[in-house]
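# Per-entry structural report
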Amino acid sequence: MAFFTHHICRGLSSSAVRHVVIKNVTIIGGGQMGAGIAQVAASTGHAVTLVDTNEDILKKAVKGIEGNLKRVVKKKFADKPEAGEEFLQKAMQNVSISTDAGSVVQGTDLVVEAIVENLKVKQDLFGGLDKVAPAHTIFASNTSSLSITDIASSTNRLDRFGGLHFFNPVPVMRLVEVIATSSTSQETFDSLLNFSKMLGKTSVSCKDTPGFIVNRLLLPYILDAVRMYERGDGSKEDIDIAMKLGCGYPMGPFELSDYVGLDTMKFIMDGWSAANPDNPMFAQSEVLNKLVAEGKFGKKTGEGFYKYK
Ligand SMILES: CCCCCCCCCCCCC[C@H](O)CC(=O)SCCNC(=O)CCNC(=O)[C@H](O)C(C)(C)COP(=O)(O)OP(=O)(O)OC[C@H]1O[C@@H](n2cnc3c(N)ncnc32)[C@H](O)[C@@H]1OP(=O)(O)O
Ligand SMILES: NC(=O)c1ccc[n+]([C@@H]2O[C@H](COP(=O)([O-])OP(=O)(O)OC[C@H]3O[C@@H](n4cnc5c(N)ncnc54)[C@H](O)[C@@H]3O)[C@@H](O)[C@H]2O)c1
């Protein structure tokens, strides 16, 4: 059940701002990102329903969440095992799963979508949910590269629609980009900011511009690394080592691409290429296309630029 709260918003000189307090969250997509968002939301006291079309993926996601939380408990509650066990039980009790998004959104305050990076698929999902979700329910997409305005256009709740862009792995990465379109209401935006804060994340505000902040800068970097490799200017191993040791990045661009998922990378790349057909930066990458065609999506399939088996 949602309720509203008033608070004084810093920077808005004592104007009262309302936000929906989010308790019940539906997360759609039980892959890497959806499972990570579910883990963080459940362990911060939210009632979470994780939805996927594939039941096996949901079972795997729940197993993964439990495994990750056990690692957290072992570390954080090293000298308080009982409190750790209680934390784990409570967090796991907060997670339920479903393959029927339409039925579970009926009691939800927030839908966070983390499904495949495809505009039409996201629009179809939200268009359907818009017809059955309560009026107060806020919709948010975790898209990496698509326009939130375009995704929201399949609904009649443009004022209650925004972007929540999490980073992978969600339990570790501290940032959330909160995206407002020109139609997102202040109340929705404040609700999304507050939700990010409740998850323990630091948020930055972004306009609905391509790639928001992080990916607008990350995409040319990764693309340039791939072009260097394709030209034979450096091996992927050397480029990765160079960026880790030369810049202090935790992963090099090829390790990061494998970690994000080359299928997702290709969806992003194809979208930007279609939107900017004359920009040589977005010309097709033969190496990426070949790996994806071979089903080598990176860490999640056991092979991408590198082998993980
Ligand atoms: C290729 C063709 C070109 C195509 C062009 C398209 C380009 C598009 C570019 C955009 C991609 C966008 C993707 C997305 O929208 C945005 C992103 O998410 S970008 C990715 C951001 N993430 C990163 O940059 C991650 C960088 N890596 C790291 O920070 C670290 O390597 C790591 C993943 C945290 C792992 O750290 P390590 O030290 O190596 O390993 P440990 O195992 O010791 O872990 C440290 C610490 O973290 C905990 N942990 C690790 N993984 C998880 C997990 N999955 N869940 C929960 N916890 C995890 C682990 O337990 C350790 O905890 P501690 O013991 O320290 O408490
Ligand atoms: N991988 C990353 O590093 C990363 C980081 C930030 C944002 N994102 C974005 O998050 C989204 C998900 O990425 P991911 O890496 O978790 O992908 P993933 O492939 O790991 O998971 C996607 C899941 O969505 C499910 N799915 C597909 N269509 C569905 C539908 N209609 N209804 C319910 N479930 C459906 C699939 O079965 C799959 O389990 C994408 O939009 C991606 O761009 C990814």
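Residues numbered from 1 in each chain as written. Chains lettered and ligands numbered in written order. Predicted model: local features only at pLDDT ≥ 70, side-chain atom pairs only at ≥ 80, totals over all residues. Heavy atoms only, no water.

### With respect to the pairing of strand E7 (residues 138–141)
Across the two faces of E7 the burial is the same, with Ile138 and Ala140 and Phe139 and Ser141 all buried. Pairing geometry for strand E6 (residues 110–113) and E7, over 4 bridges, is parallel. Along E7, the bridge assignment pairs Leu110 with Ile138. With respect to chirality, the unit in which E6 leads through helix H5 (residues 119–132) into the neighbouring parallel E7 is right-handed. (Buried < 20%, exposed > 50% of the residue type's maximum accessible area, 1.4 Å probe, protein only. Helix = DSSP H or I, 4+ residues; strand = E, 2+ residues; numbered from the N terminus. Pairing = 2+ DSSP bridges. Right-handed = clockwise from strand over helix to strand, strands pointing away.)

### Looking at the environment of Gln284
Looking at the element boundaries, Gln284 is found in the loop between helix H11 (262–275) and helix H12 (286–293). According to the relative accessible area criterion, Gln284 is partly exposed, its value standing at 39%. In sequence terms Gln284 and Leu199 are 85 residues apart; their C-alpha atoms lie 37 Å from each other. Excluding its chain neighbours within four sequence positions, the residues that come into contact with Gln284 are Arg227, Lys266, Met269, Asp270, Ser273 and Asn289. A distance of 3.1 Å separates the side chain of Gln284 from the side chain of Asp270, its partner in a polar contact. Within polar-contact distance, the side chain of Gln284 engages the side chain of Asn289 at 2.9 Å. (Contact = heavy atoms within 4.5 Å. Polar contact = N/O pair within 3.5 Å; in protein donor to acceptor, adjacent residues only side chain to side chain.)

### Quick word on the site of ligand 2
Around ligand 2 sit 21 residues, and of these Met33, Asp52, Glu117, Lys122 and Ser144 come closest. The side chain of Ser144 places a nitrogen or oxygen atom 2.7 Å from an oxygen atom of ligand 2. Within the side chain of Asn168, a nitrogen or oxygen atom sits 3.0 Å from an oxygen atom of ligand 2. Within the complex, the protein chains bury 85% of what would otherwise be the 830 Å² of accessible surface of ligand 2. (Near = heavy atom within 4 Å. Areas by Shrake-Rupley, 256 points an atom, 1.4 Å probe, with all protein chains shown as cover.)

### Digging into the environment of Pro134
As for its placement among the helices and strands, Pro134 is situated in the loop between H5 and E7. Overall, the relative accessible area of 21% leaves Pro134 in the partly exposed class. Here the alpha-carbon distance between Pro134 and Gln106, two residues 28 residues apart in the chain, equals 6.0 Å. Leaving out residues up to four positions away in the same chain, Pro134 has contacts with Val105, Gln106, Thr108 and Arg157.

### Notes on the sheet that holds strand E10 (residues 202–207)
Strand order in the open sheet formed by 8 strands is E5-E4-E3-E6-E7-E8-E9-E10, and the pairing between neighbours is mixed. With partners counted over all chains shown, the strands left at the sheet margins are strand E5 (95–98) and E10, one partner each. Strand-to-strand twist across the sheet, computed as the mean angle between neighbouring axes with direction ignored, equals 25°. In terms of strand pairing, strand E4 (residues 47–51) meets E5 through 4 bridges, oriented parallel. Opposite Leu50, over in E5, you have Ile97 as the bridge partner. Its contacts with the sheet put helix H1 (residues 32–43) on strand E3 (24–28), E4, E5, E6 and strand E8 (161–166), and the angle it makes with E4 is roughly 170°. Relative to the sheet, H5 contacts E3, E6, E7 and E8, its axis offset from that of E7 by approximately 170°. (Axes fitted to C-alpha atoms, helices over the stretch in contact; angles between N-to-C directions.)

### Side note on the domain arrangement of the protein
Here the domain parsing of the protein yields domain 1 (24–207) and domain 2 (219–300). Domain 1 and domain 2 are separated by 27 Å when their C-alpha centres are compared. Buried surface at the junction of domain 1 and domain 2, both sides included, amounts to about 660 Å², of which 58% is carbon and sulfur. In terms of surface lost to domain 2, no three residues of domain 1 exceed Gln32, Glu117 and Ser145, which account for 55% of the buried area on that side. Counting across the domain 1 and domain 2 interface gives 0 salt bridges. (Domains from an automatic or database assignment. Buried area = accessible area lost by both parts, 1.4 Å probe. Salt bridge = Lys/Arg side-chain N within 4 Å of Asp/Glu carboxyl O.)

### Topic: the UniProt feature "domain: 3-hydroxyacyl-CoA dehydrogenase C-terminal" (unreviewed entry) in the protein
UniProt annotation of "domain: 3-hydroxyacyl-CoA dehydrogenase C-terminal" (unreviewed entry) refers to residues 211–308 when read in the numbering used here. Its end C-alpha atoms 29 Å apart, residues 211–308 is made of 61% helix and 0% strand. (UniProt positions renumbered as here; feature names shortened; annotations may be inferred.)

### Considering the side chain of Thr188
Mapped onto the fold, Thr188 is located in helix H7 (residues 186–198). Separated by 2.8 Å, the side chain of Thr188 and the backbone oxygen of Asp159 make a polar contact.

### A short note on the pattern of salt bridges
With the rule as written, the count across this model stands at 16 salt bridges. In this structure, Glu255 engages Lys244 in a salt bridge whose closest nitrogen and oxygen atoms are separated by 2.9 Å. You can see Glu255 sitting in helix H10 (residues 253–260) and its partner Lys244 sitting in helix H9 (residues 236–247), a full 11 residues away along the chain. Each of Lys290, Glu294, Lys296 and Glu303 takes part in salt bridges that share partners, so that together they form one network.

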